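# Topology and contacts: notes
As a plain string of letters, each chain reads:
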Amino acid sequence: LSDRNLTPMAKGGLRLLLEDTSEVQADYPYLSHLGSLLWIATVARPDICYTAGVLSRFSAAPREKAIQALKHCVRYLIGTKTLGITYPTPMTSSPNFPQIIAYSDSDWAGDLGDGKSTSGYLIMLNGGPICWKSRKQSIVAKSTAEAEYVAASACASEVIWLRNIYEEIGQSLHNIPTPIHVDNQSAIHISENEVHQSRAKSIAIPVHHIKDHIRLRNIELIKIRGDCNPADILTKPLETQAHRKCL
């Protein structure tokens, strides 16, 4: 039943789920299967994290399309069961060990139901992922820059937490800011500007903590090309080639 050409969710899959008006399949063990996917997505497979999150939105009343999407994700896992997390960079090879590198992305207004965006971030340590998350934003971003800025702020919070842990166990970061790669230059400008710009007025104040951490040189935002950002896999369904590039 496996198909190696599958991605976790077909492109446009969220639209199909939202438009499904079929009867609720109350007898199908949707929650049980979904729980397994969420566990796998949390501990070992960031590539299905977005799909598992989307499927969880329909757990209260799973319909035919949601069940089909869940089975689609299971077939993807069967076809990619040899994938796993590796850490190819030896710890002793980096003069600035531990080498933490973060990637942040968002899919602006990706949820057609309420217009909210999805944030995704991926944090790497010595060449392998150690933290990742895909989550729908709590506010409606008015622009791509706002959505990317909110996503970068969430990523920054996780990075600061990791930096504090490493310092507590005696691992010096050599006062080097942790890079967070973002594929939106306007979001970087907002984060580096001490004055709240008009385009960022609607963003909740707590999100702006990222400005303080940039000023304190705990983090730095770096521009990256969108097709080179592995966090893209955490924000929306991708075509097969783009999906594999993120793995």
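Residues numbered from 1 in each chain as written. Predicted model: local features only at pLDDT ≥ 70, side-chain atom pairs only at ≥ 80, totals over all residues. Heavy atoms only, no water.

### Section: empty space enclosed by the protein
Evaluation of the coordinates by the stated rule reveals 1 cavity of 30 Å³ or more. Of the voids in this model, the largest cavity is the one considered here, and its volume is about 60 Å³. Taken together, Thr-7, Pro-8, Met-9, Asp-47, Tyr-50, Thr-51, Ile-233, Lys-236, Pro-237, Leu-238 and His-243 form the lining of the largest cavity. Its residues placed into classes, the lining of the largest cavity shows 6 nonpolar, 3 polar and 2 charged. (1 Å grid on protein atoms, 1.4 Å probe; cavity = no way out; pocket = protein on both sides within 12 Å on 5 of 7 lines; lining within 4 Å. Points joined across faces, edges and corners; volume = space filled by probe spheres on them. Nonpolar A, V, L, I, M, F, W, Y, C, P; charged D, E, K, R; others polar.)

### A closer look at the sheet that holds strand S1 (residues 100–107)
Reading across the sheet, the 5 strands line up as S3-S2-S1-S4-S5 and stay open at both edges, with mixed pairing between neighbours. Where the open sheet ends on each side, the last strands, each with one partner, are strand S3 (128–136) and strand S5 (219–223). Looking at each pair of strands side by side, their axes are set apart by 20 degrees on average, direction ignored. With 5 bridges joining them, strand S4 (residues 178–182) and S5 adopt parallel strand pairing. Across the sheet, residue His-181 finds its bridge partner in S5, namely Ile-222. Sitting on the sheet, helix H5 (residues 144–168) is in contact with S1, strand S2 (118–125), S3, S4 and S5, with an inclination near 155 degrees to S1. Strands in contact with helix H6 (residues 185–192) are S4 and S5; relative to S5, the strand with the most contacts, it is inclined by about 155 degrees. (Pairing = 2+ DSSP bridges. Helix = DSSP H or I, 4+ residues; strand = E, 2+ residues; numbered from the N terminus. Axes fitted to C-alpha atoms, helices over the stretch in contact; angles between N-to-C directions. Contact = heavy atoms within 4.5 Å.)

### Quick word on helix H3 (residues 49–56)
Taking burial as the measure, the 8 residues of H3 include 6 buried ones, the bulk of the element. What H3 keeps buried is the set Cys-49, Tyr-50, Thr-51, Ala-52, Val-54 and Leu-55. (Buried < 20%, exposed > 50% of the residue type's maximum accessible area, 1.4 Å probe, protein only.)

### Some remarks on the environment of Thr-118
Here Thr-118 lies in strand S2. Residue class for Thr-118 comes out buried when judged on its relative accessible area of 3%. Along the backbone, Thr-118 and Thr-235 are 117 residues apart, and their C-alpha atoms lie at a distance of 5.5 Å. When residues no more than four places from it in sequence are discounted, the contact partners of Thr-118 are Tyr-50, Arg-57, Asp-105, Ser-106, Asp-107, Ser-134, Arg-135, Lys-136, Gln-137, Leu-234 and Thr-235.

### Things to note about the pairing of S4
Across the 5 residues that make up S4, a large majority, 5, are buried. Residues Thr-178, Ile-180 and Val-182 point to one face of S4 and Pro-179 and His-181 to the other, with burial holding for every one of them. Relative to S4, S1 runs parallel, the two being bridged by 3 bridges. Counted as the bridge partner of Tyr-103 is His-181 from S4.

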